[in-house]
Amino acid sequence: QLQLVESGGGLVQPGGSLRLSCAASGRSLDYYGIGWFRQAPGKEREGVSCINTSDGSTNYADSVKGRFTISVDNAKNTVSLQMNSLKPEDTAVYYCAAAPRPWIVITAPWDEYEYEYWGQGIQVTVSS
């Protein structure tokens, strides 16, 4: 089964930057929809960004547009989320997930049912 492992989380000051990585093993990420989701304590999990690894199509939540950038490195079998201008409200556990139907990045980007494989999650804390 496809396995996903997040890395790069931690503590950062408001206005700072952080880069999360999602490393895949077991399968190539050349034909997936890869999504980043996050969940703050006591809150529902929400979609952040996603990418079609086959054609490069992307989607972003309104709350992160212009600040976050998702990208895929097929050679390294890794998807990254570059997070700039971080705010305290970005504090959450971030999850990487993979959907076997890559076109859902456009048709159903935040439908968690489409994402069959999930990483363990990684903490991001934005605080001074």
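Numbering of residues starts from 1 in every chain and runs along the sequence as written. Totals for whole chains, interfaces and linings use all residues, but because this is a predicted model, local features are given only for residues with pLDDT of at least 70 and pairs of side-chain atoms are given and counted only at 80 or more. Only hydrogens and water are set aside; all other atoms, that is, all heavy atoms of the structure, feed into the side-chain values.

1. A closer look at the nonpolar core
Put simply, the rule is: Joining through side-chain atoms within 4.5 Å is the link that ties buried Ala, Val, Leu, Ile, Met, Phe, Trp, Tyr and Cys residues into a set, and such a set is a nonpolar core. Classification of residues uses two cut-offs on accessible area relative to the type maximum, computed with a 1.4 Å probe and protein chains only: under 20% is buried, over 50% is exposed, and between them is partly exposed. By the convention used here, residues are in contact when the closest approach between their heavy atoms is within 4.5 Å.
With 30 residues, the main nonpolar core has Trp36, Leu81, Met83 and Tyr94 as its most contacted residues. Aside from chain neighbours lying at most four places away, what touches Leu81 is Leu18, Arg19, Leu20, Trp36, Val48, Ser49, Phe68, Thr69, Ile70 and Tyr94.

2. Let's talk about the state of the cysteines
Put simply, the test is: The definition used for a disulfide is geometric: two cysteine sulfur atoms within 2.5 Å. Strands are runs of DSSP state E lasting at least two residues, helices are runs of H or I lasting at least four, and both sets are numbered from the N terminus onward.
Evaluation of the coordinates by the stated rule reveals one disulfide. Disulfide pairing is shown between Cys22 and Cys96; the S-S distance is 2.0 Å. The disulfide joining Cys22 to Cys96 has a torsion of about -75° about its S-S bond and is therefore left-handed. You can see Cys22 sitting in strand E3 (residues 18-25) and its partner Cys96 sitting in strand E9 (residues 92-99), a full 74 residues away along the chain. A residue is classified by how much of its surface remains accessible, and Cys22, at 0% relative accessible area, is buried. We classify Cys96 as buried; its relative accessible area is 0%. You can see Cys50 has no disulfide; the closest cysteine sulfur is in Cys96, sitting 11 Å from it. For Cys50, a relative accessible area of 0% translates into the label buried.

3. Observations regarding the sheet that holds E3
Rules: By this definition, two strands are paired if DSSP reports at least two bridges between them. Each axis is a line fitted through C-alpha atoms, and for a helix only the stretch in contact is used; angles between axes span 0 to 180 degrees, taken between their N-to-C directions.
Spatially, E1-E3-E8-E7 is the arrangement adopted by the four strands of the open sheet, whose pairing is antiparallel. The open sheet has two edge strands with one neighbour each: strand E1 (3-7) and strand E7 (68-73). On average, adjacent strands in this sheet sit at an angle of 15° to one another, irrespective of strand direction. Across six bridges, E3 lies against strand E8 (residues 78-83) in antiparallel orientation. Residue pairing in the sheet places Leu18 in a bridge with Met83 of E8.

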